[in-house]
Structure formats: structure tokens, C-alpha cells
Amino acid sequence: MGKYEEEMLDELSFPEGFTMLDLACGTGFIIAGAIRRGAPSDIVGIDGSEGMLVKASNRIGNDKVRFIKGDVLEEIRKLPNDYFDIVSFGWALSYIDKKNRGILIENIRRVLKPGGVLIVIANRKGTIDNVERAYLELMEEHSSNINKISDMGMGLIKNCKELQRMFLKKGLIWCGGWDGKEEIFFDNGVNAISWIRGCGALAGTFELMELDSFWEELSRKVNKNNNNKIVITHKFSVGIARK
């Protein structure tokens, strides 16, 4: 999915000495892209995965970047007012409960400088729906192994207009956005699931079940359900707003 983040970052300007907060920073792809576009004075990346943060740190290796392990909603509350030129949030909006999204946007607005920019890229409804069906079948078959019941599509937004409403409701100025879609073809379930895992579309899913063979069984189900001819339809939305 890297090209979509690059397109999103191309919409921004990066002033000399810019400050940036990357929520759910993962392996640091967005942060690395920002550094290629400008010279930061301070970048903060927050993510709940120690493994992701290790990869991000190894990828970036910049003394102007610091990482925090923790829940984005909890950690953003600890950050100062009017501090960041840019706040980015990539691919993790669906993991924030809808009742907490308003609280998160309020805190993003609080930590942004006047004129600061929020950029969000998020999966939208209908994305990887054939994998979602296989995933739900797997949960049904292994119900005793479930740690938390979740529908992969439950927290997904409909389109960028939903982002617009969300931002405007919390006092941000809408700057624009778009909906995107891409079809990717695979000849087997293993390659399809490997791609999805690598791009982060199933981030956090494994933790929902205590099943050692989770990925193997999911790959097998995707194969069976799609007769070894697999098309992954990835749908996403981008939203940009200003304080």
C-alpha cells in the first residue's frame, strides 16, 4: 500500500524544522516518507506493537524521531497543546471504537498547531471482503479459541465523506480527500495472505484468536473459497483537514 501513502504525503508541504505525530506508525513508512520530503525538528511515532516499533527504529535511524509504545488514545492525551505541524494516522482508524473516534479527533486538534494539518488514510467498507468471509468462517469453526469477537468490516468507514463529517464535527477545516480502489491478483491463498499481512490490512487480527495455525488455515480457506484464483479488492479513503 506504500504508493497510497506517498500520494497522500505529496499533498502536504513540509516546512523546515517541522514537527509531526504519526499515530499507529507501524514500521515507520509514513515517517520515512516525511523525512524524505523535509528536515524535521521532532517526530513522534506511537504504536502498540513492540515488534513494529523495532522495525520502524531500524528503518529510520534519525535522532529527530522518537517512538512511544502504547495505545494511541491514551498516549496522545499526554502530548502538549499546539505542538505539531502534521498529524498522520494510517490504516488503523477501524481499530478505534466509533464512540472513541470523536475523542481522538478532539485530541488531534488540540495537539496541532494553528494551521496544522491532519492526514488520514483508512480502509473502507468492502475492502478484502473475500478474506473477511474466510476469516469469519474460521472464527466460527474455532469459537473456543476466540479472545475477542470482531467483524473485520465493522469499524470501516463508507467513504471520504464520512471522514469529512467526522473532522468538521470536531472543528477542523476540510481540505479535501478521495476514495481509491485497486485489484490485486494472486494464484494462491498463501501469497494473498502474505501480501495482506505485509501491508497491514489485517493488523491486530491474529490477537483476536489463540490459534497457532491461524495464518495457515486462513490461507487454506481463501484458496478453497476462491478456487485458487484470488482477486483482492483493496478499497480505501483519504482525508486531509486543517486546524
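Placed above this text is the structure.
Keep in mind that this is a model prediction, so the values were computed, not measured.

S.K.: Help me get a handle on the sheet that holds strand E7 (residues 230-242), residues and values and all.
M.R.: Sheet strands associate in pairs through backbone hydrogen bonding, adopting either a parallel or an antiparallel arrangement. Taken together, 7 strands build an open sheet; the order of strands is E3-E2-E1-E4-E5-E7-E6 and the sheet is mixed. A strand with exactly one partner marks an edge of an open sheet, and here the two such strands are strand E3 (65-69) and strand E6 (173-186). Adjacent strand axes in the sheet meet at a mean angle of 15° when their direction is disregarded. By the bridge criterion, 7 bridges tie strand E5 (residues 112-123) to E7 in an arrangement that is antiparallel. In the strand pairing of E7, Leu118 is matched with Ala241.

S.K.: Talk me through the pairing of E7; I want residue IDs and the actual numbers.
M.R.: Burial analysis of E7 places 10 of its 13 residues in the buried class, the great majority of the element. Taken together, the 13 bridges between E6 and E7 define a ladder with antiparallel strand orientation. Residue Glu182 lies in a different strand from E7, and its bridge partner there is His234.

S.K.: Describe in detail the pattern of salt bridges, supporting the description with residues and values.
M.R.: Within the structure shown, the criterion is met by 12 salt bridges. The partner of Arg37 in a salt bridge is Asp10, with the nearest N and O atoms 2.8 Å apart. Of this pair, Arg37 sits in helix H2 (residues 29-37) while Asp10 sits in the loop between helix H1 (2-9) and strand E1 (18-23), and the two are 27 residues apart along the sequence. For Arg37, a relative accessible area of 25% translates into the label partly exposed.

S.K.: An account of the nonpolar core is requested, with residue identities and associated values reported.
M.R.: Membership of the largest hydrophobic core comes to 29 residues, with the highest contact counts inside it found for Leu21, Leu23, Val87, Phe89, Ile108, Leu118 and Phe167. For this core, the secondary-structure elements that each account for two or more residues are E1, strand E2 (40-47), helix H4 (72-76), strand E4 (84-90), helix H5 (98-111), E5 and helix H7 (160-169). If we ignore the near neighbours within four places in the chain, the residues touching Leu118 are Val87, Ile105, Ile108, Leu112, Phe167, Leu172, Gly239, Ile240 and Ala241. In this structure, Phe14, Cys25, Ala34 and Ile119 belong to the second largest nonpolar core, which totals 24 residues.

S.K.: Help me get a handle on the packing of aromatic side chains, residues and values and all.
M.R.: Following the criterion strictly, the structure yields 6 aromatic pairs and no others. Taking 4.3 Å as the distance between ring centres and 35° as the angle between the ring planes, the aromatic pair formed by Tyr4 and Phe236 counts as tilted. Of this pair, Tyr4 sits in helix H1 while Phe236 sits in strand E7, and the two are 232 residues apart along the sequence. Judged by relative accessible area, Tyr4 falls into the buried class, the value being 6%. A relative accessible area of 3% means that Phe236 is categorised as buried. Ring geometry for Phe14 against Phe18: centres 5.3 Å apart, planes inclined by 65°, an arrangement best described as edge-to-face.

S.K.: So, a positive patch on the surface: which residues are in play, and what are the values?
M.R.: A contiguous patch of positive charge on the surface is contributed by Lys98, Lys125, Lys158, Lys161 and Arg165. Along the polypeptide, Lys161 turns up in helix H7.

S.K.: Before we move on, can you summarise the environment of Leu156 with the specific residues and values?
M.R.: Summarising the element assignment, Leu156 is placed in the loop between helix H6 (129-141) and H7. Residue classification places Leu156 among the buried positions, given a relative accessible area of 6%. Each C-alpha atom, one on Leu156 and one on Phe236, is 9.4 Å from the other, the two residues being 80 residues apart in sequence. Once residues within four sequence positions are removed from consideration, Leu156 is found in contact with Ser94, Asn123, Arg124, Lys125 and Thr127.

S.K.: Lay out H2 with the relevant residues and their values.
M.R.: Listed as buried for H2 are Ile30, Ile31, Ala32, Gly33 and Ala34. In this fold, the buried residues of H2 make contact with H1, E1, E2, helix H3 (50-60), E3 and E4.

S.K.: Explain the side chain of Lys243 to me, using residue names and the numbers behind them.
M.R.: By secondary structure assignment, the location of Lys243 is in the segment after E7. At 2.9 Å, the side chain of Lys243 and the backbone oxygen of Arg109 are in polar contact. In this structure, Lys243 is in contact with Asp82, Arg109, Arg110, Leu112, Lys113, Pro114, Gly115, Gly116, Leu172 and Ile173, ignoring residues within four places of it in sequence.

Reading the values: rules and limits
Residues numbered from 1 in each chain as written. Predicted model: local features only at pLDDT ≥ 70, side-chain atom pairs only at ≥ 80, totals over all residues. Heavy atoms only, no water. Pairing = 2+ DSSP bridges. Helix = DSSP H or I, 4+ residues; strand = E, 2+ residues; numbered from the N terminus. Axes fitted to C-alpha atoms, helices over the stretch in contact; angles between N-to-C directions. Buried < 20%, exposed > 50% of the residue type's maximum accessible area, 1.4 Å probe, protein only. Salt bridge = Lys/Arg side-chain N within 4 Å of Asp/Glu carboxyl O. Core = buried A, V, L, I, M, F, W, Y, C linked by side-chain atoms within 4.5 Å. Contact = heavy atoms within 4.5 Å. Phe/Tyr/Trp six-rings, centres within 6.5 Å; stacked < 30°, edge-to-face > 60°. Patch = residues over 30% accessible without salt bridge, like charges linked within 9 Å, V, L, I, M, F, W, Y side chains within 5 Å. Areas by Shrake-Rupley, 256 points an atom, 1.4 Å probe, with all protein chains shown as cover. Lys, Arg positive; Asp, Glu negative; His and termini not counted. Charge placed at Lys NZ, Arg CZ, Asp CG, Glu CD. Polar contact = N/O pair within 3.5 Å; in protein donor to acceptor, adjacent residues only side chain to side chain.

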